[in-house]
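Next come the chains, spelled out residue by residue.
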Amino acid sequence: MRAIRNIVVLTGAGVSAESGIATFRGPGGLWEGHRVEDVCTPPALRADPALVHRFYDLRRAALATVEPNAAHHALAALDRAWADELLIVTQNVDDLHERAGTERLLHMHGALRSALCAQCGARQEWSGPLPPGSRCGTCDAPALRPDIVFFGEIPYAMDRIVEAIGACDLFVSIGTSGAVYPAAGFVEWANDRGAATLELNLERSAGSDRFDDSRLGPAGELVPAWVAELLSSQ
């Protein structure tokens, strides 16, 4: 513990599940009642933009009904207290990390409360419904879409993530399935760097055997305990 200076934390759907946000993958390959192919791919957006926009409108509206949980607050406390390098990379598109107070945060899969212009690439904050044909505040094109990284698209800020993992002493994965790449491969990058690796998850993930330590249980219990342990070692 005393040798740890630079930390990268990856969070997934399991962190927000305790706040009442459903995880993406369910029985039958459905994604919150929809096939992934129908709501989270570029071809789906082209084929039925109304369905895709409505799907994310409902998820955006649902953010008003949930609050950050103990895991979010513990990571925000770590962000405030950790004097060395820290990067929290989330696969989640909700805003619960921000609402808990985390600042050293990167949304690799986009954010519900953001709109992306398919014409010029500009992003802008967005809180209400986003109907197809909404105009970009930068170029005025009727080309705004949900600022979500669809399957088949490249996650955001991969260069920054690779650099941070390359310099970290500890990589921690929290509430992830270990099945979605490139995030599922982060632990291997950390292992290659010689960093310590830790998994905190409700159950063993697809990549549990790649971690030095795997602790199982609810994120709302495991994460505060781990943060307290880490901070007490400073």
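The rules behind the values
Residues numbered from 1 in each chain as written. Predicted model: local features only at pLDDT ≥ 70, side-chain atom pairs only at ≥ 80, totals over all residues. Heavy atoms only, no water. UniProt positions renumbered as here; feature names shortened; annotations may be inferred. Helix = DSSP H or I, 4+ residues; strand = E, 2+ residues; numbered from the N terminus. Buried < 20%, exposed > 50% of the residue type's maximum accessible area, 1.4 Å probe, protein only. Polar contact = N/O pair within 3.5 Å; in protein donor to acceptor, adjacent residues only side chain to side chain. Contact = heavy atoms within 4.5 Å. Pairing = 2+ DSSP bridges. Axes fitted to C-alpha atoms, helices over the stretch in contact; angles between N-to-C directions. Phe/Tyr/Trp six-rings, centres within 6.5 Å; stacked < 30°, edge-to-face > 60°. Lys NZ or Arg CZ within 6 Å of the ring centre and 35° of its normal.

Under an unreviewed UniProt entry, the name given to the chain is NAD-dependent protein deacylase, and the source organism is Sphingomonas hankookensis. What the UniProt record of the chain gives under Function (unreviewed entry) is the line "NAD-dependent lysine deacetylase and desuccinylase that specifically removes acetyl and succinyl groups on target proteins. Modulates the activities of several proteins which are inactive in their acylated form." Recorded in UniProt for the chain, the comment headed Subcellular location (unreviewed entry) runs: "Cytoplasm".

A.B. asks: How should I be thinking about the UniProt feature "active site" (unreviewed entry) in the chain in this particular structure?
C.D. replies: Sites flagged by UniProt as "active site" (unreviewed entry) map to His109. When you line up the elements, histidine 109 lands in the loop between strand S5 (105-107) and strand S6 (110-117).

A.B. asks: Would you mind showing me how to read the side chain of serine 208 here?
C.D. replies: Within the element layout of this structure, serine 208 appears in the loop between strand S10 (196-201) and strand S11 (213-216). For serine 208, a relative accessible area of 3% translates into the label buried. Here the side chain of serine 208 touches serine 205 through a polar contact of 2.8 Å, landing on its backbone nitrogen. What serine 208 contacts, discounting residues up to four positions off in sequence, is Glu199 and Ser214.

A.B. asks: What am I meant to see in the sheet that holds strand S9 (residues 170-174) here?
C.D. replies: Sheet strands pair by backbone hydrogen bonding; their relative direction is either parallel or antiparallel. An order of S5-S4-S1-S9-S10-S11 is seen for the 6 strands of this open sheet, with the pairing classed as parallel. Taken across any chain shown, the strands that pair with only one partner, and hence form the sheet edges, are S5 and S11. Strand-to-strand, the axes of this sheet are offset by a mean angle of 15°, without reference to chain direction. By the bridge criterion, 4 bridges tie S10 to S11 in an arrangement that is parallel.

A.B. asks: In this structure, what is going on with the packing of aromatic side chains? I would like to understand it.
C.D. replies: For any pair of aromatic rings, the description consists of the separation of the ring centres together with the inter-plane angle of the planes. Taken as a whole and assessed by the stated rule, the structure comprises 4 aromatic pairs. Here the aromatic rings of phenylalanine 55 and tyrosine 56 are separated by 4.9 Å at their centres, their planes lie at 90°, and the arrangement is edge-to-face. Neither residue differs from the other here; phenylalanine 55 and tyrosine 56 are each classed as buried. With a centroid separation of 6.4 Å and an interplanar angle of 15°, the aromatic rings of phenylalanine 171 and phenylalanine 211 are classed as stacked. One end of the pair, phenylalanine 171, is in strand S9; the other, phenylalanine 211, is in the loop between S10 and S11, with 40 residues separating them in the sequence. Per residue, the accessibility class of phenylalanine 171 equals that of phenylalanine 211, and both read buried. Ring-pair connections join several aromatic residues into one group, and the members of that group are Phe55, Tyr56 and Phe150. Above the face of the tyrosine 156 ring, arginine 123 is positioned so that its terminal group lies 4.1 Å from the ring centre. Lying over the aromatic face of phenylalanine 150, arginine 145 brings its terminal NZ or CZ to 4.2 Å of the ring centre.

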